[in-house]
Amino acid sequence: MKKLHFSIIIVTFNGLDYINKCIQSIINSNIKNYQIIVVDNGSSDGTVKYLGTKYSGFKNIKIISLDKNYGPAKARNIGAKQSNAKYLGFLDNDTTVDKNWAIHAKKAFEKDSKLAIIQCKLLLSSDKSKIDYIGEYLGTNGFLVQHVAATTPDGPLYNQQNYTLAAKSAGMFIRNDVFKKIKGFDESYFIYVEETDLGFRSWIAGFTAKLIPNSVVYHHF
């Protein structure tokens, strides 16, 4: 099988109102040589049946139905195990993507072999002029601090590539070989901080994480 450039993994749990918009935005983007893997965490809202019917003719879309809600960390790992792509992209089900979001990520990876994790610029779907998230660092007291607070107006100051401790999985990419090397998400984090842990371990393994601001994802949040 030809190795894909991207596997885009979306975990959903009772997200029927959002998931189709997310998938359609990927299909309508300029991404090349890719697959979409949707991991359903035991939804009770008909998500699996809906997606199975709507996308039955799409060979590059795979639906994985889990028997219960295992949390995002484990579900993402399950999706990643189905991938032979060079890069993994993670999206929340309530996101849509800019047309060139994957193109810019691929260029950044190809330019810097040490770059393992990309934080997409996350903007609010409800007001695309405002930031949701662009990265984080550890403060002097050991607590996580966002580079920019949510709802901050976007602007030229935030269009520069910057190192970050980790990326938010609502919109991020990671090299698949690095993901495997550091053994993916720690499933003991049911939800929250699992991305920070992943980023921390990536840095320890000798790689970097950066905000790539022209890789844009819109987040309903």
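Since we're looking at a predicted model, the values are computed, not measured.

Conventions and cut-offs
Note on numbering: residues in each chain are counted from 1, in written sequence order. Totals for whole chains, interfaces and linings use every residue, but because this is a predicted model, local features are given only for residues with pLDDT of at least 70 and side-chain atom pairs only at 80 or more, for both listing and counting. Only heavy atoms go into the side-chain values, all of them from the structure, while hydrogens and water stay out. The aromatic pairing rule takes the rings of Phe, Tyr and Trp, using the six-membered ring of Trp, and pairs them if the centres are within 6.5 Å, calling planes under 30 degrees apart stacked, those over 60 edge-to-face and the rest tilted. Any Lys NZ or Arg CZ that is within 6 Å of a ring centre and within 35 degrees of that ring's normal is treated as a charge sitting over the ring. Each residue's exposure class comes from its accessible area (1.4 Å probe, protein chains only) as a fraction of the maximum for that residue type: buried when under 20%, exposed when over 50%, partly exposed otherwise. In this description a helix means any DSSP run of H or I spanning at least four residues, a strand means any run of E spanning at least two, and both kinds are numbered starting from the N terminus. A pairing counts as a salt bridge when a side-chain nitrogen of Lys or Arg comes within 4 Å of a carboxyl oxygen of Asp or Glu. Two strands are said to pair when DSSP picks up at least two bridges between them. Crossovers are marked right-handed if the path from the first strand over the helix to the second runs clockwise, as seen with the strands pointing away from the viewer.

1. Looking at the packing of aromatic side chains
Under the criterion given, the structure shown has nine aromatic pairs. Centre to centre, the rings of Y55 and F58 are 5.2 Å apart; their planes meet at 75 degrees, and the pair counts as edge-to-face. An aromatic cluster of three or more residues is present, and its members are F6, Y87, W101, F109 and F173. The ring of F207 carries the charged tip of K114 above its face, separated from the ring centre by 5.6 Å.

2. Brief notes about helix α6 (residues 194–204)
When we look at burial in α6, the residues that qualify are E194, E195, T196, D197, L198, G199 and S202. Downstream of α6 by one or two residues, G206 has phi in the positive range, about 105 degrees.

3. Observations concerning the pattern of salt bridges
The final tally for this structure, using the stated rule, is seven salt bridges. Across the pair D112 and K210 runs a salt bridge whose closest N-O atoms are separated by 4.0 Å. Note that D112 is positioned in the loop between α4 (101–111) and β6 (115–124) and K210 in strand β12 (residues 208–219), a separation of 98 residues in sequence. Among the residues examined, K210 registers a relative accessible area of 16% and is labelled buried.

4. Here's the deal with the pairing of strand β2 (residues 34–40)
In terms of burial, β2 is largely enclosed, as seven of its seven residues are buried. Covered by surrounding structure in β2 are Y34, I36, V38 and D40 together with Q35, I37 and V39, the residues of both alternating faces. The sheet contact formed by strand β1 (residues 6–12) and β2 spans seven bridges and is parallel. Across the sheet, F6 pairs through a bridge with Y34, a residue of β2. Viewed along the sheet, the connection from β1 through helix α1 (residues 16–27) into β2 turns out right-handed. Pairing analysis gives five bridges linking β2 to strand β3 (residues 61–65), with the strands arranged parallel. In the strand pairing of β3, I37 is matched with K62. What joins β2 to β3 is helix α2 (residues 47–54), and the crossover it makes is right-handed.

Remember, this is a structural readout, not a statement about activity or role.
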